[in-house]
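Observations on chain architecture
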Amino acid sequence: MPPVGSDGQHQGGRATPPAPESPLWLPALAQAAGGAGRLTDAAAAGALPRAKDLRAAAASQISDPRQLFDAKTLTQQQLPLQPGRVAPSGWHSGAAPALARAVHPPPPRLPAIEPRRTDTTVARERTEALTQLRAGGGGSLGGTSAEMAAAPGTSFEGEAARHHMQDPRQQHAGTDATTHASSAKSAARRGSGRAGSPAADADHVTGVDTGAGAVAFFGRHGQEGPVKFFYCSRAPEGARFRPYDLVVVPREEVRDEYFTISATGVVRIKKGAQADFTPLAEWVREAALFDAVASVGFFKHYLTGRTFRAWAKVVRRKHFRRVRAAIAARLLVSKENFQPALREIQGHVADLRSVSFCAANASHLHTLQEYVELQQQARDARAKPAVEAVVERVQKVLERVCREVQAQAALYQESVRDEAELADTTGVELGQGRSGAGRARPMVVVKKEKMERAANYARVMEELSLLGNFVRLADYLLVGGVTGRALAAAEDTLALLLAGREAGAATNKGVFTTVVSFVPGGGTVFAPDAPAVMDEINGNTIEGALALAQAAPRVLFMRAFAYLFDARPSGLNPLTMLRASPEFIAARQRINEAVAGDFMAARDAARVLEDYRKVWEFGRAWDGDAYAAQPRGLAEIRRDLVVQRSWKGLLERMKTSLVVGCLQVDAKPLKAELIPVTQAAQERIKLVLLSLAREATLAALDDLTARVAQLASRPATLDGYMGYLAMHLQQIEDRRQLVATCGQIDDMYDSLAAHEQKVPTAEQVKHDDLTEALASFQQQLAEGKEWLADAKPDQIAALQAAVADANRQLEDMAASLHSGTYIDAEADPEEVVADLEGMLQRLGGLGEALGTYNQYLSLVDQPPDEGGALMMAEKEANTRYQLWLSLRDFMASSASWTEEAVLDDDGGLLLEIEAIRAEVEEYASKAYKASKAHKDDPVGVRLKEVVDDFKEIMPLVEELANPALKMRHWEEIFALIGAEIEGNENGTGYAPFSIRHLLQFDLLDNLEKLQAIGSQASKELSLEKALAKMKADWQDLEFRVVGYRDTGTYVIGGTDDVQALLDDHIVKAQTMRSSPFLKPLEAEAVAWEKLLLQTQDLLDNWLSCQSTWQYLEPIFSSPDILAQMPEEGDKFQQPQPAAPLQVDATWRGLMDAAHGSPGVLGLAADAERLAALEEANALLEQIQKASALP
């Protein structure tokens, strides 16, 4: 250690002993005296800062490592001060008064360095020394603790100056004699201090055997101790490096390097080197730090690890040499006969590098089929012959080597009679052969020759045994070569696919040609598509290369070398190797990704063709015949022609080639597909336009020709003049439309000319005729106008005369309605109605004529006729007609009601009283209105009389039209009036009779009795309907028969609806029995009531039997119970086939029948079923009583 001064800095070649250390790090050097300046418990215990506190302090800006233990560096929490005291900010290691300054908050204790965890004796001694330092209370190097406590202003530097010692280097830099003199003086001092122990060693203190013990000693005694120095040597070296472990030795036993420990510090002395001085506190601190660092795993095991690594390195080197020697012994390249051949074989195998298993020309564009054929040709025509040639050359080399090795082996084998003589490596020559000079050869030469001969024999035999391995090696080289070329084929294919991307868009021509086309739904497809390209590349190029590698000739399996192996040898499988090769798998995957990515990019690039999809979609939907069949206007056709022309120009500018990666997207087929679409559509549209123009021309020409002919006529009659006038006015109104039509036709022919459509000559002539006809039409309009103006006055006069004559006829007809048969009440209504219908027809004709005349008047600008005479005549005629029509119709209806048969052949009523009543009321209302409007009109009076006469017999008609009347009632009526009406042949009715026939028997006089018969009939019909309704309610009603558990039979369930209906109908039936009008239905009602009561009995017995059977069935299903109650069991069920049916069998039979026919009325009408249920209930009651069951 370099010498340092009291301030810790190096001072030339001289260093003074440092002042006694601050109690901060040597707390035991200060006496714990209480009061001001008392150290804390941690300080009194000699605790040192923990390693983590030292690391935290070292992380700060500290230039000198010793500042780690300066009070200015440590925080207040790390200072070992007394509770209630704190050091001021300017306190340092020499400022003891800071211990006396008190503060209110108690600071935490100084964290202690954990003791080194070791079980060595040296560590225990150091721990004991530290303990003695903490417990020491007598002496102090810098004064007693009492003095420091009493004089807080005293500095440790003063104490160190007062007890200053000589420079240790001056003490120990002299000869050994000087050292011995110092030791003698110390011994003398120790002897004077211990005069009572003459046998004691002057430099030895009992219990102080180590450096840690010496430190503890000086901690207890300070400079006042009996011993001032201890001589120490390093502790014996162990497994770990312990530089601070010292042992106390006598002065005479020190070696070239030793230590002296005093109260001020530790001096290291080494022969031939300058002595180093370390203050005692610094020594303890460094030792503690070393222990802390040495406890870290890296430093703790550093020496052991370094030694192990050095050992492992040597072992690995030896192992490598041994393995290298073993490999060299078997390595074929090290064999003399194999080296040239192996180099030659490697040269031949290297020739395979120039062989390509695929054709990859980035400057050539292929179709998929061309690419496939090119790959096949590259493999079959070039790669396969080249591989076979290389294998053939390798085979020749192997055969030569085998011949040479075998010949050499045979030569050696012939020269050696006994292999045992090869083991004789002595220098004795049995034959005592001599050299050419006649001298015997030396034994050394003979021995050397024998050894060389044995070595050559061993070498040749070993090479002979390695021939099989050499062939295998050659095969492996060939396999490696062909697999490498197969892998290169995959990589070359990948490079070919990626070449376009690397070359850039300007020079990229692509590898494959793919044709793009549209598909319905908005997508595009490529031919070939990505799967097809990947299938061909994988299935042809890659798999073809694999197949070529697999099919390459194998020297290992050649017959020429079969004798070198005991059995058929097993070698490498190129196909398996390639398929398992990560490089091959990666290349294949990248090929697929490249193709898929390029197709995806091509799909994106093909979006520029979406502008042409509308043409493609139009071509799919285009139907020329359908287009021509639909009526279309000129504007629509012209618009369609413009669209087709624009599409044609768009297709002319269409880009037909897109290069994307390895793909050249070919759109020429798409363009070739779309161009005919526009051409065909355009030609068909032009033909449609030509046809439309032709038809329009012919129609317009015919129309104009007819109009010209009409305008050329000059009629002389009133109707003709007026018709011509109306026609002329209409022609004037139509003139603008005709001109527009002709202009539209001209536009059609202009459009045809603009679109280069040739018009046939005949159609062109028709178009010219149309132009001439339009000019003639204009001329005839002008001439007709002049003629109309000239004839107008005479035609107006004739028109007015015709109107006057029509009005005069109307007045005469209106006057005739108030005379003659029209007002004769006794006239025949049928004839009068016919005459009135004829008059109404004539009135209609005159009305139409007046309407025509009014139209004529409006044409010549004359006021129309008001039509007063027409309206008056029509009103009078219609009123008279309705009156006579009502009289005729009512007389006919009343005659049919009274004179036609009342009943049909089956006795059914033919009269509908409601219709008769409504019709009578209607005609009565008409008669009332007519009499009110025309009081003195005899026809109206007659109508009222006829209606009133019928009303008198209306009550009789109502009674006779009663639908409730049956045959028995008609018998009563006939008996009442004394009429003898015979029955018909069928016996279901009577001979035809009418109301007028019955009136002859004074039926009106017996009206009250007739009404009584009708009332009784109505009541009987009401009862009959009620009885029928009850029967209808039961018609479809059925019991709900359901299976019961696993018994194999059924039970009835849900009888609430049946019971409710049964209760209601029993009450109704009993009420009906009390009616006085039931006599005709009494037998039927009694039978119905009986059936209902029987149904009630059946239901009651059925439910009672069912509940008891459900209770007993599981009981008597048990064999044990049957054995205990055999008699009751026999009654309940049928134990033997020959026994009579008992309750269980009865129940099962009834329920099976009910399940097959569950109708309620059908089951209730069966009296035997009711009797069986009653008998079953009686037996069940006996069973319950006998077995004491509840």
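Please refer to the structure higher up on the page.
To keep things clear, this report deals only with the structure shown in the data block. Keep in mind it's a predicted model, so treat the numbers as computed, not measured.

**Here's the deal with the overall build of the protein chain**
- Within the protein chain, the regular secondary structure consists of 39 helices and eleven strands.
- In the protein chain, the share of contacts with a sequence separation of at least 24, taken over all contacts with a separation of at least 6, comes to 74%.
- When the accessible surface of the protein chain is summed, it comes to about 63,300 Å², and 53% of that surface belongs to carbon and sulfur atoms.

**A short note on the nonpolar core**
- Of all hydrophobic cores here, the largest spans 107 residues; its most connected members are Phe950, Trp970 and Phe993.
- It is helix α24 (residues 761-816) that contributes the most residues to this core, 15 residues altogether.
- Shared between two domains, this core holds at least three residues of each, these being domain 3 (637-817) and domain 4 (842-1031).
- Beyond its immediate sequence surroundings of up to four residues, Phe993 is in contact with Glu900, Ala901, Val902, Leu903, Trp970, Phe974, Ile981 and Leu998.
- Formed by 82 residues, the second largest nonpolar core is a distinct cluster that contains Val555, Met558, Leu609 and Val665.

**Topic: a positive patch on the surface**
- A cluster of basic residues, Lys313, Arg316, Arg317, Lys318, Arg321 and Arg324, forms a positive patch at the surface.
- On the secondary structure map, Arg316 appears in helix α11 (residues 302-330).
- Residue classification places Arg316 among the exposed positions, given a relative accessible area of 55%.

**Some words on the packing of helix α37 (residues 1143-1156) against helix α39 (residues 1167-1186)**
- At their nearest, the axes of α37 and α39 sit 10 Å apart, and the two run at 150° to each other. Classed by the angle they form, the pair α37 and α39 counts as roughly antiparallel. For the crossing formed where α37 meets α39, the hand is left-handed. Residues Val1143, Thr1146, Leu1150, Ala1153 and Ala1154 of α37 touch α39, and the partners they reach there are Arg1169, Ala1172, Leu1173, Ala1176, Leu1179 and Leu1180.
- For the contact of α37 with α39, the per-class residue count stands at nine nonpolar, one polar and one charged.

**Describing the pattern of salt bridges**
- Across all of its chains, the model carries 36 salt bridges by this definition.
- Measuring nitrogen to oxygen at the nearest pair gives 2.5 Å for the salt bridge that ties Glu763 to Arg694. Taken as a pair, Glu763 in helix α24 and Arg694 in helix α22 (residues 668-712) lie far apart in primary sequence, 69 residues in all.
- Classification of Glu763 by relative accessible area gives buried; the value is 11%.
- The class for Arg694 is partly exposed, based on a relative accessible area of 30%.
- With a shortest N-O distance of 3.0 Å, Lys944 and Asp948 are connected by a salt bridge. Of this pair, Lys944 and Asp948 both sit in helix α28 (residues 938-952), four residues apart, roughly one helical turn.
- Owing to a relative accessible area of 37%, Lys944 belongs among the partly exposed residues under this scheme.
- Residue classification places Asp948 among the partly exposed positions, given a relative accessible area of 31%.
- When salt bridges with common partners are traced through the structure, they connect Arg234, Glu257, Arg268 and Asp276 into a single cluster.

**Notes on the sheet that holds strand β4 (residues 265-270)**
- Strand order in the open sheet formed by five strands is β2-β1-β3-β4-β5, with antiparallel pairing between adjacent strands. At either end of the open sheet lies a strand with only one pairing partner, and these are β2 (246-248) and β5 (276-279). Mean inter-strand twist for the sheet, computed between neighbouring axes without regard to direction, equals 30°.
- Pairing analysis gives three bridges linking strand β1 (residues 230-234) to β2, with the strands arranged antiparallel. In the sheet register, Cys232 faces β2, and the bridge partner there is Val248.

**Let's talk about the packing of aromatic side chains**
- Tallying each qualifying case throughout the model produces 27 aromatic pairs.
- Measuring from ring centre to ring centre gives 5.8 Å for Phe526 and Phe599, while their planes differ by 75°; the resulting arrangement is edge-to-face. Pair noted here: Phe526 is in strand β7 (residues 523-527) and Phe599 is in helix α18 (residues 582-605), with a separation of 73 residues, a long-range link. Across the pair, exposure class does not vary: Phe526 and Phe599 are buried alike.
- Over the ring of Phe557 we find Arg568, and its NZ or CZ is 4.6 Å from the ring centre.

Analysis parameters
Residues numbered from 1 in each chain as written. Predicted model: local features only at pLDDT ≥ 70, side-chain atom pairs only at ≥ 80, totals over all residues. Heavy atoms only, no water. Helix = DSSP H or I, 4+ residues; strand = E, 2+ residues; numbered from the N terminus. Contact = heavy atoms within 4.5 Å. Areas by Shrake-Rupley, 256 points an atom, 1.4 Å probe, with all protein chains shown as cover. Core = buried A, V, L, I, M, F, W, Y, C linked by side-chain atoms within 4.5 Å. Buried < 20%, exposed > 50% of the residue type's maximum accessible area, 1.4 Å probe, protein only. Domains from an automatic or database assignment. Patch = residues over 30% accessible without salt bridge, like charges linked within 9 Å, V, L, I, M, F, W, Y side chains within 5 Å. Salt bridge = Lys/Arg side-chain N within 4 Å of Asp/Glu carboxyl O. Lys, Arg positive; Asp, Glu negative; His and termini not counted. Charge placed at Lys NZ, Arg CZ, Asp CG, Glu CD. Axes fitted to C-alpha atoms, helices over the stretch in contact; angles between N-to-C directions. Parallel < 35°, antiparallel > 145°, perpendicular 65-115°, else oblique. Left-handed = near helix turned anticlockwise from the far one by under 90°. Nonpolar A, V, L, I, M, F, W, Y, C, P; charged D, E, K, R; others polar. Pairing = 2+ DSSP bridges. Phe/Tyr/Trp six-rings, centres within 6.5 Å; stacked < 30°, edge-to-face > 60°. Lys NZ or Arg CZ within 6 Å of the ring centre and 35° of its normal.

All quantities given are derived from atomic positions and should not be read as evidence of function.
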